[in-house]
Amino acid sequence: MHRQKADDTELVYSYACYNVNRDGWEAAQKGEDGRIVIARETLAEPASPWNQKRRSGRKKRTEDMMQDFSLQALLDEKKITVKNARGTWRTDDKGIDMIAQKLLFKFFCEYRRSGMIPADVSFFV
């Protein structure tokens, strides 16, 4: 997932997904035809500090910081829109690419961990 555009209202990313077990995966690998648009208002919540400690003295993990996060709610509210890549091989019940959802989750994990909007996010199955 690579950032294509960033302005005051939205972030636009392109992505590709491909299954190496299927014919034609080389063509899908070369073209990033999938599109993910993230509304800036989804990033209004300040990033949780990575070095915040629990009472036990241990640092919080990213998974702990993401407990209150609902990607599905943002997709349902159209604050995030996804145009599936042509290499999509698995979708959820609403037709949204599962790889795009994993990329989005990694995007928000990185944002909450560092407080910076990532330019690139990758996911390998």
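Up top you'll find the structure we're talking about.
Residues numbered from 1 in each chain as written. Predicted model: local features only at pLDDT ≥ 70, side-chain atom pairs only at ≥ 80, totals over all residues. Heavy atoms only, no water.

Caption draft 1: Summary view of the overall build of the chain. From N to C terminus, the chain includes 4 helices and 4 strands. Written out in order from the N terminus, the α and β elements of the chain read β-β-α-β-α-α-β-α. By sequence separation, contacts in the chain at least 24 residues apart represent 60% of the contacts at least 6 residues apart. Accessible surface, the chain: about 8000 Å² in total, of which carbon and sulfur atoms supply 46%. (Helix = DSSP H or I, 4+ residues; strand = E, 2+ residues; numbered from the N terminus. Contact = heavy atoms within 4.5 Å. Areas by Shrake-Rupley, 256 points an atom, 1.4 Å probe, with all protein chains shown as cover.)

Caption draft 2: Up close: the sheet that holds strand β3 (residues 34-39). Strand order in the open sheet made by the 4 strands is β1-β2-β3-β4, with antiparallel pairing throughout. Of all strands in the sheet, those with a lone pairing partner are β1 (2-6) and β4 (80-83), marking the two edges. With direction set aside, neighbouring strand axes in the sheet form an average angle of 20°. Sheet contacts for helix α4 (residues 98-114): β2 (10-15), β3 and β4; angle to β3, the most-contacted strand, approximately 40°. (Pairing = 2+ DSSP bridges. Axes fitted to C-alpha atoms, helices over the stretch in contact; angles between N-to-C directions.)

Caption draft 3: Examining the packing of aromatic side chains more closely. The final tally for this structure, using the stated rule, is 2 aromatic pairs. Summarising the aromatic geometry, the rings of Y13 and F107 are spaced 5.5 Å apart at their centres and angled 70° between planes, so their arrangement reads as edge-to-face. Of this pair, Y13 sits in strand β2 while F107 sits in helix α4, placing them 94 residues apart in sequence. For F107, a relative accessible area of 0% translates into the label buried. Relative to F108, the ring of F107 lies with its centre 5.1 Å away and its plane at 90°, an arrangement referred to as edge-to-face. A residue is classified by how much of its surface remains accessible, and F108, at 2% relative accessible area, is buried. (Phe/Tyr/Trp six-rings, centres within 6.5 Å; stacked < 30°, edge-to-face > 60°. Buried < 20%, exposed > 50% of the residue type's maximum accessible area, 1.4 Å probe, protein only.)

Caption draft 4: Broad picture of the pattern of salt bridges. One pass over the full model with this rule turns up 6 salt bridges. Linking K79 and E41 is a salt bridge whose minimum nitrogen-to-oxygen distance equals 3.4 Å. Remark: E41 occurs in the loop between β3 and α2 (62-65) and K79 occurs in the loop between α3 (71-76) and β4; sequence separation between them is 38 residues. Classification of K79 by relative accessible area gives partly exposed; the value is 27%. Salt-bridge contacts for K79 lead to E77; the nearest nitrogen and oxygen are separated by 3.3 Å. Here the salt bridges share partners, and the residues they tie into one network are K5, D7 and E10. (Salt bridge = Lys/Arg side-chain N within 4 Å of Asp/Glu carboxyl O.)

Caption draft 5: Geometry of unusual backbone geometry. With a phi close to 65°, K78 is a non-glycine residue in the positive phi region. Note on placement: K78 falls in the loop between α3 and β4. What makes K78 exposed here is its relative accessible area of 62%.

Caption draft 6: Inspection of the pairing of β2 at higher detail. When you tally the buried positions in β2, you get 5 out of 6 residues, the bulk of the element. Adjacent in sequence and paired antiparallel, β1 and β2 are bridged by 3 residues. Of the pairings in the sheet, the one linking β2 to β3 comprises 6 bridges and is antiparallel in character. The partner of Y15 across the bridge, within β3, is G34.

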